[in-house]
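# Structural overview for review
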Amino acid sequence: EVVIKSQTGSTGRGVFPLRRSPDGWTIVTKTDAIEPQNIAKRLRTLQDDGLVSGPYFAEELLGRGDGNALPVDVKILAFYGEIGLVLLRSAAEHADTRANTFRSVLEDGTEVGPIHWKYNPEIPIPGNLDKLVDVARRLSLSISRAFVRIDMYEIGGRIVFGELTPRPGGGQDFGPEHDERLGHLWERAHARVLNDVTDGSDYILKFGPEPRELRIGKDVFLPA
């Protein structure tokens, strides 16, 4: 199993979770065989259309695609140290956003109900939700912004980082009650960021000690 992934893209574009089959490869959640040349062609077309860009990676397929399913995506709305909401997304069909379903909970696991897109109360709440929330809280404090969505996965008790999403796309309608609550969280977070900057904190991302550049052959790629 492997995931072929572009450096940039959204909503599953440029991402191919693959499993070997007797006829070549199949995309997880699908059954039709696909040739490697076809995958390269799709990526090239997406790149020509400006929807993705390289470099391209081969990554671990999280959860190994057991049951021909993709792992639940844990999307945590973080407000500079405070957690507003945890969105659990189940992707029934790869790269088809219409097939996605969601379950929303608070940081302590309290059920929020059908406030966000297609509600699915059967999506399991991670057993180590408290650890996922703690990681998201600490990461958000390293980003001098009032808001960031932190995407992670829980795989067999292991926490795997996905990505940081500062500006989530698509419709974001949480209903009047939670819209107001999240708005207050943003305002408080924005005030704390400004206070920290006034007190001498750098208004830039805080990076760890490891190298930031990505080297592929003779090419060097730096994060934006």
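So, how was this worked out
Residues numbered from 1 in each chain as written. Predicted model: local features only at pLDDT ≥ 70, side-chain atom pairs only at ≥ 80, totals over all residues. Heavy atoms only, no water. Helix = DSSP H or I, 4+ residues; strand = E, 2+ residues; numbered from the N terminus. Rg over C-alpha atoms; globule rule 2.2 N^0.38 Å. Buried < 20%, exposed > 50% of the residue type's maximum accessible area, 1.4 Å probe, protein only. Contact = heavy atoms within 4.5 Å. Areas by Shrake-Rupley, 256 points an atom, 1.4 Å probe, with all protein chains shown as cover. Lys, Arg positive; Asp, Glu negative; His and termini not counted. Charge placed at Lys NZ, Arg CZ, Asp CG, Glu CD. Core = buried A, V, L, I, M, F, W, Y, C linked by side-chain atoms within 4.5 Å. Salt bridge = Lys/Arg side-chain N within 4 Å of Asp/Glu carboxyl O. Pairing = 2+ DSSP bridges. Axes fitted to C-alpha atoms, helices over the stretch in contact; angles between N-to-C directions. Expected span 1.5 Å × (residues − 1). Arc of directions from axis to C-beta.

### Regarding the overall build of the chain
Along its length, the chain carries 3 helices and 12 strands. Taken over the C-alpha trace, the chain has a radius of gyration of 19 Å; the compact-globule value for 224 residues is 17 Å, and the two agree within 12%. For the chain, the proportion of its 224 residues judged to be buried stands at 34%. Contacts in the chain between residues far apart in sequence, at least 24 positions, make up 53% of those at least 6 positions apart. With the model as given, the accessible surface of the chain reaches about 13,200 Å², and the carbon-plus-sulfur share is 52%. Charge separation in the chain, taken as the distance between the mean sites of 28 positive and 33 negative side-chain charges, equals 5 Å.

### Here's the deal with the nonpolar core
Considering soluble globular proteins, one finds that nonpolar side chains tend to be buried as a cluster. Core analysis: the biggest nonpolar cluster contains 16 residues, and I76, I83 and V86 have the highest contact counts within it. Those elements giving two or more residues to this core turn out to be strand 6 (73-79), strand 7 (82-91), helix 2 (129-141) and strand 9 (148-155). A per-element tally of this core places helix 2 first, with 4 residues. Setting aside residues up to four positions removed in sequence, I76 forms contacts with I83, L85, V86, L132, V133, A136, V148, R149, I150 and M152.

### Notes on the pattern of salt bridges
For the structure on display, the rule yields 12 salt bridges. For E1, the salt bridge identified is with R64, shortest N-O distance 3.4 Å. Linking E1 in the segment before strand 1 (2-8) with R64 in the loop between strand 5 (53-59) and strand 6, this pair joins segments that are 63 residues apart in sequence. One salt bridge in this structure joins E82 and R192, with 3.1 Å as the shortest N-O distance. Taken as a pair, E82 in strand 7 and R192 in helix 3 (residues 175-198) lie far apart in primary sequence, 110 residues in all. Judged by its relative accessible area of 25%, E82 is partly exposed.

### Things to note about the sheet that holds strand 8 (residues 100-105)
Picture the strands of a sheet paired through backbone hydrogen bonds; they go either parallel or antiparallel. Strands sit in the order 8-7-6-9-10 across an open sheet of 5 strands; the sheet is antiparallel. In the strand order of this sheet, the two ends are held by strand 8 and strand 10 (158-165), each with one partner. Geometrically, the sheet is characterised by an average inter-axis angle of 25 degrees between neighbouring strands, direction not taken into account. Relative to strand 9, strand 6 is paired through 5 bridges, and the arrangement is antiparallel. Paired with I76 across the strands is I150, a residue of strand 9. Each of strand 6 and strand 7 is contacted by helix 3, which is oriented at about 125 degrees to strand 7, the strand it contacts most.

### Regarding helix 1 (residues 36-48)
Helical geometry note: an α-helix holds 3.6 residues per turn, so side chains three or four residues apart project in the same direction. When the terminal C-alpha atoms of helix 1 are compared, their 18 Å separation across 13 residues agrees well with the 18 Å that a helix rising 1.5 Å per residue should span. Turning to helix 1, its buried residues number three or more, namely I39, L43 and L46. One face of helix 1 carries all of its buried residues, which in axial projection span an arc of 65 degrees. Facing away from the buried side of helix 1 by more than 90 degrees, the exposed set consists of Q37, K41, R44 and D48. Of the surrounding elements, those touching the buried residues of helix 1 are strand 1, strand 2 (15-21), strand 4 (33-34) and strand 5. Just downstream of helix 1, G50 is the residue with a positive phi angle, here 75 degrees.

### Some details on the environment of I76
Among the structural elements, I76 can be located in strand 6. Along the primary structure I76 and R137 are separated by 61 residues, whereas in three dimensions their C-alpha atoms are 9.1 Å apart.

### As for the pairing of strand 2
Pairing analysis gives 4 bridges linking strand 1 to strand 2, with the strands arranged antiparallel. The partner of V2 across the bridge, within strand 2, is L18. Between strand 1 and strand 2, which pair antiparallel one after the other, the connecting turn spans 6 residues, and G9 there sits at a positive phi close to 150 degrees. Sheet topology note: the strand 2/strand 3 (residues 24-27) ladder contains 4 bridges and is antiparallel. Residue pairing in the sheet places R19 in a bridge with T26 of strand 3.

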